[in-house]
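Below, each chain spelled out in residue letters.
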Amino acid sequence: QKTVPEFVLTYAENQAEDYPTTQGAYKFAELVYEQTGGRVEIQVNAGGVLGDEKTVIEQLQFGGVDFARVSLSPLAEFVPKLNVLQMPYLYTGREHMWKVLEGPIGTDFMNSFGGSSLVPLSWYDAGARNFYSTAGPIESLDDIKGLKIRVQESELMMDTIQALGATPVPMAFGDVYSGLQTGEIDGAENNWPSYESTRHYEVAKYFTLDEHTRVPELQLAAQSTWDKLPEEYRNIIRDCAQKSALYERELWDEREKTSEDRVRRAGCVVTELDAGEKERFQEAAAPMYEKYCSEYVD
Ligand code: GCU
């Protein structure tokens, strides 16, 4: 006989069913279900059906959604200190980012959500973000000048694109495909798996491996939901979130490769920036540090 759950909770995810973060969400739900003996059931809603990321964060704040996985870019509009963790050209690579997130700095950021009505649970990987465009390859800083580039709903992202000489167009993730198709935007930026999974590569086939930023992601709980859960379940949920994050990172590594492979085979034109050009991008984005990090120099 099936145990009747004490709690049936919703989880919002804006990626497709087979995407690493979504698979991580299912793993999380499965582990929580098992470890609470079926008393906590988490229902994963993928594909953005509960709304775009900004809306989902707002819903978390009043408990309309119980859990979600979101990108730090829109989240930093609600918890500004998080911008520090996603500054352009901040990390030397994946290992560097994970060393920061899994060390005392990451813990310190996790502990600074007070007053946000959000409870951070675990970091997820989202690789490095790169530009892609519809009309021709971006091979230099000059090529990006004047292009209308879609950005996440984030002031830091808008400012960064502007500093590079392009025009930022903030837009929900789900609207980017049609934006590219209709010419409302000339390009966007994202990691390999998102570029592939959303099929943006079909309408924007020029991809530039510039790795201008790494934007980590977080699994979150609504504070109001959290407050209702007994301590025992909270501990299980934290632990399962962490386990699901490790699982997500494994899937992420594989998916980065298969996505890159798929889009290359589909005929996308991949441009690698030479070191000098990369430096020009980096210099152009440098003023962001003064604006977004001066309060957090330590
Ligand atoms: C990544 C991230 C999403 C986000 C998207 C975006 O794909 O995983 O959560 O919505 O970037 O560019 O908006």
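See above for the structure.
These remarks concern the structure in this document. In this text, all values refer to a predicted model and were calculated from it rather than measured experimentally.

Focus: the sheet that holds strand 3 (residues 67-71)
Thought 1: Across the sheet, 5 strands lie side by side as 2-1-3-10-4; this open sheet has mixed pairing. Looking along the sheet, the strands with just one partner apiece sit at the ends: strand 2 (40-45) and strand 4 (118-124). The sheet shows a mean angle of 25 degrees between the axes of neighbouring strands, direction not considered.
Thought 2: In this sheet, strand 2 lies alongside strand 1 (residues 7-12) in parallel orientation, the contact comprising 6 bridges. Counterpart to A12 in the pairing with strand 2 is N45.

As for the pairing of strand 3
Thought 1: The element strand 3 is extensively covered by neighbouring structure, given that 5 of its 5 residues are classed as buried.
Thought 2: Here strand 3 shows a buried face lined by F67, R69 and S71 and a second buried face lined by A68 and V70.
Thought 3: Across 2 bridges, strand 1 lies against strand 3 in parallel orientation. If you follow A12 over to strand 3, its bridge partner there is A68.
Thought 4: One ladder, built from 5 bridges, connects strand 3 with strand 10 (residues 217-222); its direction is antiparallel. Paired with R69 across the bridge in strand 10 is Q219.

Structural notes on the packing of aromatic side chains
Thought 1: Taken as a whole and judged by the stated rule, the model has 11 aromatic pairs.
Thought 2: Both rings, one in Y132 and one in F207, keep their centres 6.2 Å apart while their planes meet at 10 degrees; by these two values the pair is stacked. Here Y132 is found in strand 5 (residues 128-133), whereas its partner F207 is found in strand 9 (residues 206-214), with 75 residues between them in sequence.
Thought 3: Taking relative accessible area as the criterion, Y132 reaches 0% and is therefore assigned buried.
Thought 4: F207 gets classed as buried once you look at its relative accessible area, which sits at 0%.
Thought 5: On the basis of an interplanar angle of 35 degrees and a centroid distance of 4.6 Å, the ring pair of Y195 and F207 is categorised as tilted. Here Y195, found in helix 9 (residues 192-197), pairs with F207, found in strand 9; they are 12 residues apart in sequence, far enough to count as distant.

Focus on the nonpolar core
Thought 1: Judged by nonpolar contacts, the single largest core of 49 residues is most densely connected at L75, L82, L85, W123, I144 and F281.
Thought 2: For this core, the leading source of residues is helix 4 (residues 94-102), giving 4 residues.
Thought 3: For L82, the residues in contact, after removing those within four places along its chain, are L72, L75, A76, F109 and F113.
Thought 4: The next biggest cluster of nonpolar side chains, apart from the first, holds 24 residues, and it includes Y11, F28, A29 and Y233.

Section: the site of the ligand
Thought 1: In the vicinity of the ligand, the contacting residues are N14, Q15, E53, R69, S71, R129, R150, Q152, F173, N190, S194 and E217.
Thought 2: Taking Q15, its side chain carries an N or O atom lying 2.9 Å from an oxygen atom of the ligand.
Thought 3: Computed on the free molecule, the ligand has an accessible area of 320 Å², of which 98% lies beneath the protein chains in the complex.
Thought 4: Partitioning the shell around the ligand into residue classes produces 1 nonpolar, 6 polar and 5 charged.

Focus: the pattern of salt bridges
Working definition: two side chains of opposite charge can pair if their charged atoms are close together.
Thought 1: Scanning the model with the defined rule gives 21 salt bridges in all.
Thought 2: Salt-bridge contacts for D142 lead to R280; the nearest nitrogen and oxygen are separated by 3.4 Å. In this pair, D142 is assigned in helix 6 (residues 141-144) and R280 in helix 13 (residues 275-285), connecting sequence segments 138 residues apart.
Thought 3: The partner of R262 in a salt bridge is E196, and the shortest N-O contact between them spans 2.8 Å. Taken together, the residues R262 in helix 12 (residues 231-265) and E196 in helix 9 connect sequence positions 66 residues apart.
Thought 4: A network of salt bridges, in which partner residues are shared, links E13, E53, R69 and E217.

Definitions and limits used
Residues numbered from 1 in each chain as written. Predicted model: local features only at pLDDT ≥ 70, side-chain atom pairs only at ≥ 80, totals over all residues. Heavy atoms only, no water. Pairing = 2+ DSSP bridges. Helix = DSSP H or I, 4+ residues; strand = E, 2+ residues; numbered from the N terminus. Axes fitted to C-alpha atoms, helices over the stretch in contact; angles between N-to-C directions. Buried < 20%, exposed > 50% of the residue type's maximum accessible area, 1.4 Å probe, protein only. Phe/Tyr/Trp six-rings, centres within 6.5 Å; stacked < 30°, edge-to-face > 60°. Core = buried A, V, L, I, M, F, W, Y, C linked by side-chain atoms within 4.5 Å. Contact = heavy atoms within 4.5 Å. Near = heavy atom within 4 Å. Polar contact = N/O pair within 3.5 Å; in protein donor to acceptor, adjacent residues only side chain to side chain. Areas by Shrake-Rupley, 256 points an atom, 1.4 Å probe, with all protein chains shown as cover. Nonpolar A, V, L, I, M, F, W, Y, C, P; charged D, E, K, R; others polar. Salt bridge = Lys/Arg side-chain N within 4 Å of Asp/Glu carboxyl O.

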